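Here's the letter readout for the chains.
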There are 2 protein chains.
Amino acid sequence: MQAAIVAIGSELTTGRVTDTNSTWIERRLLALGVPCSGVVVCPDELGVIQDAVRFECAHAGAVIVTGGLGPTDDDLTRQAIAALLGVPLELHSPSLERIEAMFRAFGRTMPEINRRQAEFPRGADVLDNDWGTAPGFAVNVGSSRVLSVPGVPREMRAMWERHVEPAIAKLAGVAPGAIAERTLLTCQIAESSLNERVGDLVPRGDPDVEVAYCVHDTIGTIELTFRVRNHGDPAAAKARVDALATAARERLGRKVCAEGAQSLAERTVALLLEKKRTLAIAESCTGGRVAAAFTAIPGVSASLLEGLVVYSNESKTRLAGVDPELIRAHGAVSVEVARALALGARAGAHADYGIGVTGIAGPGGGSPEKPVGLVHLALAAPTGAVEVATRRFPGDRARIQILATATAVDLLRLALEDDAGN
Amino acid sequence: MQAAIVAIGSELTTGRVTDTNSTWIERRLLALGVPCSGVVVCPDELGVIQDAVRFECAHAGAVIVTGGLGPTDDDLTRQAIAALLGVPLELHSPSLERIEAMFRAFGRTMPEINRRQAEFPRGADVLDNDWGTAPGFAVNVGSSRVLSVPGVPREMRAMWERHVEPAIAKLAGVAPGAIAERTLLTCQIAESSLNERVGDLVPRGDPDVEVAYCVHDTIGTIELTFRVRNHGDPAAAKARVDALATAARERLGRKVCAEGAQSLAERTVALLLEKKRTLAIAESCTGGRVAAAFTAIPGVSASLLEGLVVYSNESKTRLAGVDPELIRAHGAVSVEVARALALGARAGAHADYGIGVTGIAGPGGGSPEKPVGLVHLALAAPTGAVEVATRRFPGDRARIQILATATAVDLLRLALEDDAGN
């Protein structure tokens, strides 16, 4: 069985939003061992949506439809699929009650317009949604199963886990372990270097083994996934994928910063908590992103004491205790100031670790000696020793900030791995 | 006339690569006034490519096909379109000579495999490519014009400029200004409320006018776009879209935070710079995101003095001067502490404005009196007056942080709009 995707929303066909939902779903399908036969992206137009769903139902046994389930006039998925089936929309009372309760929980009355989110094509199975007001639904179109979920990525992913993946696995007759998979997360290495170092581990022309690289563009890490399909022998597939992961780890060494679904920040926070270490941050060019990377992780408050966004020179001195003479002599973007920021953050908060970041994120402010992209990153350790890394990151302001943030977090991860703990 | 896109390549249907080519093309089509009727993304499979091109030719007068023009066995676009037309592939000698010359220029002999890049469906018009070895081609399929170009983004864009855009403009008989468009950005309003307030401005069933809502999920704002198609009268379309935008602005009032392509943070930073005001931030549950929202914008260093991520209670006192008694009496998540954070940030940095944020981002830490999602946001103004907004945001930790950040930035935007300046 193959699966296909229909992504609905005029924001996806007018260049506003890139359809990253489908990329995510494709990866999950692959991990399930179900090939994706294609994606149709279509605008909020009744006829086009019908044609798209009909088209994909001709190619795939399961069709995942994302988007078009909101309460507004341009949310047409419910209507389009009802029209395709030639059935009316019918109110599903339990869903209506659920939506009303959601609004009540926030002290609001449900606007009348949201009522339509509880209407589904007659005969549909409703897929409940605990993460938003729009329930999904599933219907049969010919011999295909059509599963419709919201387009909001957060909701789509939660609905995938609860409803879609189990349904597709059942349809495809996929047993757990049909595909053995191992994912390594890497940091501070480029995709091309990664490919050069480990690409040859996977034999060319073997359809049962593959390696995939997934660049986390907004985080600054790259995911390396090995997949081995089994033919009735899950243990052999698992052994093979483990051997691949072990060989890749040997070649990549400490460029591997985490495994599985864990992010770099999650791994680093887990290490902080495990080693009972505290942290303070003083950052300039990353402007709060380093602190935000840590505070995105629940439970970090036991370790993260504070962050200083020392944008002005005056604040570098007053908040992080950087000697103004140091700034005068070496400039705010210098190894010396990075070091002083890390030490100052650590001392001010009485933390075990201090992170200091200073650099030129651009687009302005660069010079031949200190070009845009130059960033100094410092880590003050529990011993009081300071390590400084100097990088020249490529790309625009956002890219430089992202890569500098990942590097700062990764320096702490590396130090914590060698830390005996408190 | 509408245009559609077929994006070919198994890397696009296996989650390796997100199809950003189509986003780029959609924007260019929109600017040309030619609506995009949809995108089909399909794997390197002969039958699926044929079906996809046939499907889009049924919807659009022009179909742009990207990818599948390389020299390897899995590059099947030439074959698929020839099969669709029922014609053979024929060698195009000038293209072969051109490809051979390209290899010679790099001191290499053309591998035999590249010969197939000079083969096109009989009757095709060849689109020369100065940026890579793969020429494109154009054919008529029924009443549609199919334009096939390489998938490498750099080559695709160069081919678009030279060949595709002129061809589509001619087919569509497009004059500049064929579509008039106005975009309003909103904050602190839900999509459903937005639709309720302005949805009826656009007459149902009028194909020339549309309104689209685009939720910026990672920012916490919603974009509202009105589009009016003209039929040879650009001035009338512009007048009509302007009237729609004016009416929407009247109904939405200050929920409109920016216009056009400007983001909420860009607009707020522009106001800070225009009014010559400085800013300091003390944030707890948003953990650096408010500072990061501002520091993402180039030039903000003239206004943003510093940010404090006061995660521990001790740091709220030491860095932002919050009276420990206040925390003891009301708790760290309280109107009083939010107010003290805003005042403390402002006073410490001698800034004009101070932002203070404290709340419960979850998943833990909530209670019946102070549930997850409760956030107090305070803005200290140049006069020293403090305004506090209390919200209960829905969703998970990330969503609560995103919405709290947008609200904090928006409170400053609102105050700056009323600020006579320094």
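Residues numbered from 1 in each chain as written. Chains lettered and ligands numbered in written order. Predicted model: local features only at pLDDT ≥ 70, side-chain atom pairs only at ≥ 80, totals over all residues. Heavy atoms only, no water.

## Things to note about the packing of aromatic side chains
All names here are of chain B.
Okay, so step 1: Enumeration over the complete set of coordinates arrives at five aromatic pairs over all chains.
Okay, so step 2: Ring geometry for Trp24 against Trp160: centres 6.0 Å apart, planes inclined by 85°, an arrangement best described as edge-to-face. Here the residue Trp24 occupies a position in helix H2 (residues 20-32), and Trp160 occupies one in helix H6 (residues 153-172), the gap between them amounting to 136 residues.
Okay, so step 3: For Trp160, a relative accessible area of 1% corresponds to the buried category. (Phe/Tyr/Trp six-rings, centres within 6.5 Å; stacked < 30°, edge-to-face > 60°. Helix = DSSP H or I, 4+ residues; strand = E, 2+ residues; numbered from the N terminus. Buried < 20%, exposed > 50% of the residue type's maximum accessible area, 1.4 Å probe, protein only.)

## Digging into the sheet that holds strand S3 (residues 62-66) of chain A
Okay, so step 1: Read from one edge of the open sheet, 12 strands run S6(A)-S7(A)-S8(A)-S3(A)-S1(A)-S2(A)-S2(B)-S1(B)-S3(B)-S8(B)-S7(B)-S6(B), paired in mixed fashion. The open sheet has two edge strands with one neighbour each: strand S6 (125-127) of chain A together with strand S6 (125-127) of chain B. Ignoring which end each strand starts from, the neighbouring axes of this sheet average 20° apart.
Okay, so step 2: Against the sheet, helix H3 (residues 46-57) of chain B contacts strand S2 (36-42) of chain A together with strand S1 (3-8), strand S2 (36-42), strand S3 (62-66), strand S7 (136-141) and strand S8 (144-149) of chain B, and its axis sits at roughly 175° relative to S2(B).
Okay, so step 3: Contacting S1, S3, S7 and S8 of chain B, helix H4 (residues 77-85) of chain B crosses the sheet at an angle of about 20° to S7(B). (Pairing = 2+ DSSP bridges. Axes fitted to C-alpha atoms, helices over the stretch in contact; angles between N-to-C directions. Contact = heavy atoms within 4.5 Å.)

## Details of the interface of chain B and chain A
Okay, so step 1: At the junction of the two partners, chain B supplies 77 residues and chain A supplies 75 residues.
Okay, so step 2: Between chain B and chain A, the buried area comes to about 5,700 Å², and carbon and sulfur atoms account for 52% of it.
Okay, so step 3: The tally of links between chain B and chain A comes to three salt bridges.
Okay, so step 4: Here Arg318(B) and Glu306(A) are joined by a salt bridge, their closest N and O atoms 2.6 Å apart.
Okay, so step 5: Taken together, the connections running from chain B to chain A amount to 33 residue pairs in polar contact (both at pLDDT 80 or more).
Okay, so step 6: Here the side of chain B that touches chain A takes seven residues from S2(B), the largest share from any one element.
Okay, so step 7: Direction of pairing for S2(A) relative to S2(B): antiparallel, over a ladder of three bridges. Across the sheet, Val39(A) pairs through a bridge with Val41(B), a residue of S2(B). (Buried area = accessible area lost by both parts, 1.4 Å probe. Salt bridge = Lys/Arg side-chain N within 4 Å of Asp/Glu carboxyl O. Polar contact = N/O pair within 3.5 Å; in protein donor to acceptor, adjacent residues only side chain to side chain.)

## Let's talk about the pairing of strand S10 (residues 209-216) of chain B
All names here are of chain B.
Okay, so step 1: Where burial is concerned, most of S10 is hidden: six out of the eight residues are buried.
Okay, so step 2: In this structure, S10 lies alongside strand S11 (residues 221-229), joined through eight bridges in antiparallel fashion. Counterpart to Val211 in the pairing with S11 is Phe226.
Okay, so step 3: Remark: four residues form the turn of the hairpin made by S10 and S11, two consecutive strands paired antiparallel; Gly220 in that turn has positive phi of roughly 95°.

## Description of the side chain of Thr268(B)
Residue and element names in this part refer to chain B.
Okay, so step 1: Topologically, Thr268 is positioned in helix H9 (residues 264-274).
Okay, so step 2: Judged by relative accessible area, Thr268 falls into the buried class, the value being 0%.
Okay, so step 3: Within the structure, the side chain of Thr268 is placed 2.7 Å from the backbone oxygen of Leu264, a separation counted as a polar contact.
Okay, so step 4: Residues in contact with Thr268, not counting those within four places in the same chain, are Phe294, Val409, Leu412, Arg413 and Leu416.

## Quick word on the nonpolar core
Okay, so step 1: Formed by 52 residues in total, the largest nonpolar core has its most connected members in Val146(A) and Val146(B).
Okay, so step 2: Every residue in contact with Val146(B), bar those within four places of it in the chain, is listed here: Val53(B), Cys57(B), Val63(B), Val65(B), Ile81(B), Phe137(B), Ala138(B), Val139(B) and Val141(B).
Okay, so step 3: Among the nonpolar cores identified, the runner-up in size contains 47 residues, and Val34(A), Ile168(A), Ala3(B) and Trp24(B) belong to it. (Core = buried A, V, L, I, M, F, W, Y, C linked by side-chain atoms within 4.5 Å.)

## Quick notes on the packing of helix H7 (residues 191-198) of chain B against helix H8 (residues 234-252) of chain B
Residue and element names in this part refer to chain B.
Okay, so step 1: Here H7 crosses H8 at 120°, and the two axes come no closer than 10 Å. Between H7 and H8, the angle is such that the two are oblique. Crossing handedness for the pair H7 and H8: right-handed. Taken together, the residues of H8 that come into contact with H7 (itself represented by Leu194, Arg197 and Val198) are Ala248, Arg251 and Leu252.
Okay, so step 2: Considering only residue class, the contact of H7 with H8 consists of four nonpolar, no polar and two charged. (Parallel < 35°, antiparallel > 145°, perpendicular 65-115°, else oblique. Left-handed = near helix turned anticlockwise from the far one by under 90°. Nonpolar A, V, L, I, M, F, W, Y, C, P; charged D, E, K, R; others polar.)

## Some points on the sheet that holds strand S11 (residues 221-229) of chain A
Residues and elements named next belong to chain A.
Okay, so step 1: Sheet architecture is open: four strands sit in the order S10-S11-S9-S12, paired in antiparallel fashion. The open sheet has two edge strands, strand S10 (209-216) and strand S12 (256-259), and neither has a second partner. Going across the sheet, the axis of each strand differs from the next one's by a mean of 25°, ignoring polarity.
Okay, so step 2: The sheet contact formed by strand S9 (residues 179-187) and S11 spans nine bridges and is antiparallel. Note that in S11 the partner of Arg182 across the bridge is Phe226.
Okay, so step 3: Packed onto the sheet, helix H9 (residues 264-274) meets S9, S11 and S12 and runs at close to 90° relative to S12.

## Describing the pairing of strand S13 (residues 279-283) of chain A
All names here are of chain A.
Okay, so step 1: Along S13, five of the five residues are buried, which leaves the element largely enclosed by surrounding structure.
Okay, so step 2: Of the two faces of S13, the one lined by Leu279, Ile281 and Glu283 and the one lined by Ala280 and Ala282 are each fully buried.
Okay, so step 3: Pairing between S13 and strand S14 (residues 304-310): five bridges, direction parallel. Residue pairing for S14: Ala280 is matched across the bridge by Glu306.
Okay, so step 4: Note that the unit made of S13, helix H10 (residues 289-295) and S14 has a crossover that is right-handed. (Right-handed = clockwise from strand over helix to strand, strands pointing away.)

## A look at the environment of Ile25(B)
Residues and elements named next belong to chain B.
Okay, so step 1: By the secondary structure assignment, Ile25 is in helix H2.
Okay, so step 2: For Ile25, a relative accessible area of 0% translates into the label buried.
Okay, so step 3: Spatially, the C-alpha atoms of Ile25 and Trp160 are 8.4 Å apart, while their sequence positions differ by 135 residues.
Okay, so step 4: Not counting chain neighbours up to four residues away, the residues in contact with Ile25 comprise Ile5, Ile64, Thr66, Met156 and Trp160.

## Quick word on the confidence of the model for chain A
Okay, so step 1: In the predicted model, chain A carries a mean pLDDT of 93, and the fraction of residues at 70 or more is 99%.
Okay, so step 2: Per the prediction output, this complex has pTM 0.80; the corresponding ipTM is 0.79. (pLDDT = per-residue confidence, 0-100.)

## Describing the side chain of Ser37(B)
Okay, so step 1: Along the polypeptide, Ser37(B) turns up in strand S2.
Okay, so step 2: Given a relative accessible area of 2%, Ser37(B) falls into the buried group.
Okay, so step 3: Apart from residues lying up to four places away in sequence, Ser37(B) is in contact with Pro43(A), Val48(A), Gln2(B), Ala3(B), Ala4(B), Glu56(B), His59(B) and Ala60(B).

## What to know about the pattern of salt bridges
Okay, so step 1: Following the criterion strictly, the structure yields 57 salt bridges over all chains and no others.
Okay, so step 2: Connected through shared salt-bridge partners, Arg254(A), Arg267(A), Asp410(A), Arg413(A), Glu417(A) and Asp418(A) make up one network.

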